[in-house]
Amino acid sequence: MPRFTAGSYPVALPLVAVAALALSACSGGTSASGSAAGKTLVVDTSFNLKTADPGREFEPTGQIVDKALYETLLSFKGSDVTKPVPGLASSYEQSADGKTLTLHLRTGAKFADGSAVTADDVVFSLNRVIALKGNPSFLLDGVTVTKTDASTVTLTSKKANPALPFILPNPALGILSAKTVQAHGGSATATDGAEKYLNTTSAGSGPYTLTSFNTNTQVVLTKNPKYTGSDKPTYDKIVLRNVQAPTQKLNVQRGDSQIALDLTSDQVSGLGGGLKVDSGASSDVIFLLLNQNTKVSSTTANAKFAEAVRKGIDYKSLLSLAGTGSVQPAGIIPSTFLGALPASEAAGRDLAGAKAALKASGIAKPSVTLGYASDLTVDGLSLQTLAERVQAQLKEVGITVTLAPAPTTTELDNYRNGKEQLGLWYWGPDYPDPSDYLTFLPGDLVGLRAGWKAGADPTLTALGDKAATTIGDDTRKTLYEQIQTRMNASGPFHPADAAEPQHSLRRVRDRRRLQPRVDDRCRRAGRQVRQRAGRARELRAEAVPFPAAVVSSPVTPSPVSSSAVPPPPSCSPSA
């Protein structure tokens, strides 16, 4: 099946989570060892790449590249995105009201030119992202960045922002050398002109530097000898090549490359010959929505009908379409995120209960239309295939579903305007924090797409308001679990299926610990339909249609090192 990697930041993420391959190719020790030392690592992937400028990039391949070139203030350890860990900042504190985040810079950090990383560089870099008003600018909406002293930076938010530590690991927020960038036309203003320079030469402190950059063919990275991080580069050079999945498989089998990132379950099935497949849980969640607006459909707005749909879906059957390693999330938040419900709470099929609920709805011979993008696949899983199976399953309940596929651009309008009776879509996170899912609540953008108006569930709204401003992982976890439990019982969104696992393939002889690459999300159609303009809430909301079913898919990371990449931009069919 064609792969539509949606990444994730999206996050995906459930989102995703996370990480998927490792481009920085770092070892955990102080020096490279074994046969990899002094060699070149060739990685094949299907490019979604526009720029290497961290202040402007928000595409999956760009995130892979910038993760290797630039360090961020905070990072994640391996694929664990539930807890930010030190990056350029050795420690941080968040105020009790969640509005102030203070970060202390790591002693001795240096850029590739040998100059020290200072608080001035951090302030310049983050303010530049904000001022450019590009794709990643929304990550710092409402945030003011100031220098406290030579090694301390303070980020102040207009309102409580407990998600900020989870946002800072995004490669788009990589720290640049202010002096170097300014010398080449850069500034923390909308008139910045440093992109052309940054597409030829990097200005960061990451484990690699940029040697050559072509958005259509390949990107070459060279080991940074002045890198001061704990995970030293294993390879002298990394070549990232733009190659389609079928050829990726052939290349790695014959030794022309060491890693292939974009293979489906079918493509990696039965592979041997010294090849290793790495897979992991993705943050992409596919869901079915039921419109609560009676003017759109009095049938889908009927609570008992919604219950019949929820109980009538055969989730295990849908999951089988995604392939080995797929995961059914128990709620709208992915299994890899803080606040995810335990797998034991995932919905199961209850055909008798579905028929009883349908009878109690009072609707005789219900007929509804299911809208979805006919040309959209999520991590290799076609929405067309899912829609056909949902149609067959609900027929067993006594519900007639008429499939209404349309091109992505056309169906997005129906979704955004709240015109779908049933909708089949997916959500990929912008960053690995559960707050990215509050947009599904009544009165918020995604909720409104499904006719779930403000005031529809005051208890749920109150829980969401509290979760958005609460500091402390344990308390936040409990609140988000409560939100999902209530949504599962009476909300319009229901976990339904998981997308196909995304796989990376590598040769065992080159088995090195690599920093995970960002969750590959949003190639092809998704990227075309999503033009971010800093409209964070707007775009996130447009990624998921209303009530029905949710699922998460595994993504593939390559060997993981201590600093994983956060989920990249959400390429869900939103924006």
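Residues numbered from 1 in each chain as written. Predicted model: local features only at pLDDT ≥ 70, side-chain atom pairs only at ≥ 80, totals over all residues. Heavy atoms only, no water.

## Quick notes on the overall build of the protein
The following threshold applies: A run of DSSP states H or I qualifies as a helix once it reaches four residues; a run of E qualifies as a strand once it reaches two. Both are numbered from the N-terminal end. Any residue under 20% of the maximum accessible area for its type is buried, any over 50% is exposed, and the rest in between are partly exposed; the area is computed with a 1.4 Å probe on protein chains only. All accessibility values rest on the Shrake-Rupley procedure with a 1.4 Å probe; residue burial counts only the protein chains present in the view.
Helix and strand counts for the protein stand at 17 helices and 21 strands. For the protein, buried positions account for 62% of its 575 residues. When the accessible surface of the protein is split by element, carbon and sulfur atoms take 51% of a total near 18800 Å².

## Brief notes about the sheet that holds strand β5 (residues 100-105)
This is how the line gets drawn: Should DSSP find at least two bridges between two strands, the strands are regarded as paired. Here the axes come from fitting lines to C-alpha atoms, over the contacting stretch only for helices, and the angles between their N-to-C directions go from 0 to 180 degrees.
Reading across the sheet, the four strands line up as β4-β5-β7-β6 and stay open at both edges, with antiparallel pairing between neighbours. Every other strand in the sheet has two partners, leaving β4 (89-94) and β6 (143-149) as the edge strands with one partner each. Averaged over all adjacent pairs, the angle separating strand axes in this sheet is 20°, with direction ignored. Summarising the sheet, β4 and β5 pair through five bridges and their orientation is antiparallel.

## Some points on the packing of aromatic side chains
The criterion, for reference: Ring pairs shown here join Phe, Tyr and Trp side chains whose ring centres sit within 6.5 Å, with only the six-membered ring taken for Trp; geometry is labelled stacked below 30 degrees between planes, edge-to-face above 60, and tilted in between.
In this structure the tally under the stated criterion is eleven aromatic pairs. The interplanar angle of 65° and the centroid separation of 6.1 Å between the aromatic rings of W427 and Y437 together place this pair among those described as edge-to-face. Here W427 is found in strand β18 (residues 422-427), whereas its partner Y437 is found in the loop between β18 and α13 (445-449), with ten residues between them in sequence. Owing to a relative accessible area of 0%, W427 belongs among the buried residues under this scheme. Each ring, one from Y437 and one from F440, has its centre 6.3 Å from the other, and the planes form 20°; the classification is stacked. An identical accessibility class is assigned to Y437 and F440; each is buried.

## Considerations on the side chain of D436
The condition is simple: Any pair of nitrogen or oxygen atoms within 3.5 Å is treated as a polar contact; in protein, a donor-acceptor pairing is required on top of that, and neighbouring residues in sequence qualify only through side-chain atoms on both sides.
Positionally, D436 belongs in the loop between β18 and α13. The exposure class assigned to D436 is buried, which follows from its relative accessible area of 0%. A distance of 3.1 Å separates the side chain of D436 from the backbone nitrogen of D430, its partner in a polar contact.

## Some words on the side chain of D192
Stated formally: Throughout, a contact is declared for two residues whenever any of their heavy atoms are within 4.5 Å.
Mapping D192 onto the fold places it in the loop between α4 (178-182) and α5 (195-198). Side chain to side chain, D192 and R128 meet in a polar contact 2.9 Å long. Within polar-contact distance, the side chain of D192 engages the backbone nitrogen of S187 at 2.9 Å. Apart from residues lying up to four places away in sequence, D192 is in contact with R56, R128, L132, V181, G185, G186 and S187.

## A short note on unusual backbone geometry
Of note in the backbone geometry, K133 takes a positive phi value of approximately 50° without being a glycine. With respect to the helices, strands and loops of the structure, K133 is situated in the loop between α2 (119-132) and β6. For K133, a relative accessible area of 65% gives the class exposed.

## Examining the environment of L479
Tracing the sequence through the fold places L479 in helix α15 (residues 473-490). Separated by 13 residues in the primary sequence, L479 and K466 have C-alpha atoms spaced 7.9 Å apart. Not counting residues up to four positions away in its chain, the partners in contact with L479 are L463, K466, A467 and T470.

## A word on the pattern of salt bridges
Convention followed: Whenever a carboxyl oxygen of Asp or Glu lies within 4 Å of a side-chain nitrogen of Lys or Arg, that contact is scored as a salt bridge.
The full count for this structure, using the stated rule, is 17 salt bridges. For D53, the salt bridge identified is with R128, shortest N-O distance 2.7 Å. Note that D53 is positioned in the loop between β1 (40-45) and α1 (60-69) and R128 in helix α2, a separation of 75 residues in sequence. Both residues of the pair, D53 and R128, count as buried. As a salt-bridge pair, R128 and D192 come within 2.9 Å of each other at their nearest N and O atoms.

## Points about the pairing of β5
Between β4 and β5, which pair antiparallel one after the other, the connecting turn spans five residues, and G98 there sits at a positive phi close to 75°. With five bridges joining them, β5 and strand β7 (residues 152-157) adopt antiparallel strand pairing. Following the sheet pairing, H104 is matched in β7 by T152.

## Overview of helix α6 (residues 245-253)
Helical periodicity: at 3.6 residues per turn, an α-helix aligns residues three or four positions apart in one direction. Here is the rule: Along the arc lie the directions from the helix axis toward the C-beta atoms.
Looking only at α6, the buried set comprises A245, Q248, N251 and V252. Considered in projection along α6, the buried side chains sweep an arc of 115° and stay on one side of the axis. Where α6 terminates, the next one or two residues include G255, which has phi positive at roughly 85°.

## As for the confidence of the model for the protein
What counts is decided by this rule: Note on scores: pLDDT gives the predictor's confidence for each residue, bounded by 0 and 100.
Taken as a whole, the protein shows an average pLDDT of 81; of its residues, 78% reach a score of 70 or greater. When the criterion is pLDDT under 50, residues 1-24 qualifies, and its contacts beyond four places in sequence or with other chains add up to 215 contacts. Contacts for the low-pLDDT stretch residues 508-575, under 50 throughout, to residues beyond four places or in other chains number 450 contacts.

## Looking at the packing of helix α8 (residues 303-312) against helix α10 (residues 351-361)
Applicable threshold: What sets the label is the angle itself: under 35 degrees gives roughly parallel, over 145 gives roughly antiparallel, 65 to 115 gives roughly perpendicular, and the rest give oblique. Handedness of a crossing is defined here by the sense of rotation of the near helix relative to the far one, left-handed for an anticlockwise turn of less than a right angle and right-handed for a clockwise turn. Only Asp, Glu, Lys and Arg are considered charged in this grouping, and only Ala, Val, Leu, Ile, Met, Phe, Trp, Tyr, Cys and Pro are considered nonpolar; every other residue, Gly among them, is considered polar.
Direction vectors running N to C along α8 and α10 enclose 165°, while the axes themselves pass 8 Å from each other. One way to sum up the angle between α8 and α10 is to call them roughly antiparallel. In the packing of α8 onto α10, the handedness of the crossing is left-handed. Of α10, the residues touching α8 (which contributes K304, F305, E307, A308, K311 and G312) are L351, G353, A354, A357, L358, A360 and S361. In terms of residue class, the contact of α8 with α10 is made up of seven nonpolar, three polar and three charged.

## Brief notes about the nonpolar core
For the record, the criterion: As used in this record, nonpolar core signifies buried Ala, Val, Leu, Ile, Met, Phe, Trp, Tyr and Cys residues forming a set joined through side-chain atoms within 4.5 Å.
The biggest cluster of nonpolar side chains holds 60 residues, and the ones touching the most others in it are I399, L424, F440 and I483. Broken down by element, the residue count for this core peaks at six residues, all from helix α11 (residues 383-397). Those residues in contact with L424 that sit more than four places away from it in its chain are I286, F287, L288, L370, G371, Y372, L383, L386 and A387. Counting residues in hydrophobic clusters, the runner-up holds 31 residues, among them F58, A89, F111 and F138.

## A closer look at the environment of D465
Among the structural elements, D465 can be located in helix α14 (residues 458-469). Judged by its relative accessible area of 52%, D465 is exposed. The spatial distance from the C-alpha of D465 to the C-alpha of L438 is 8.8 Å, given a sequence separation of 27 residues.

## Points about the environment of T409
With respect to the element layout, T409 can be found in helix α12 (residues 408-416). Counting along the chain gives 34 residues from T409 to D375, while the straight-line C-alpha distance between them is 9.7 Å.

## Quick word on the pairing of strand β2 (residues 74-77)
Alignment of β2 against strand β3 (residues 80-86), held across three bridges, turns out to be antiparallel. Of the residues in β3, the one forming a bridge with L74 is P86. Taking the residues that link successive antiparallel strands as the turn, the β2-β3 hairpin has two residues, and the phi of G78 there is positive, at about 60°.

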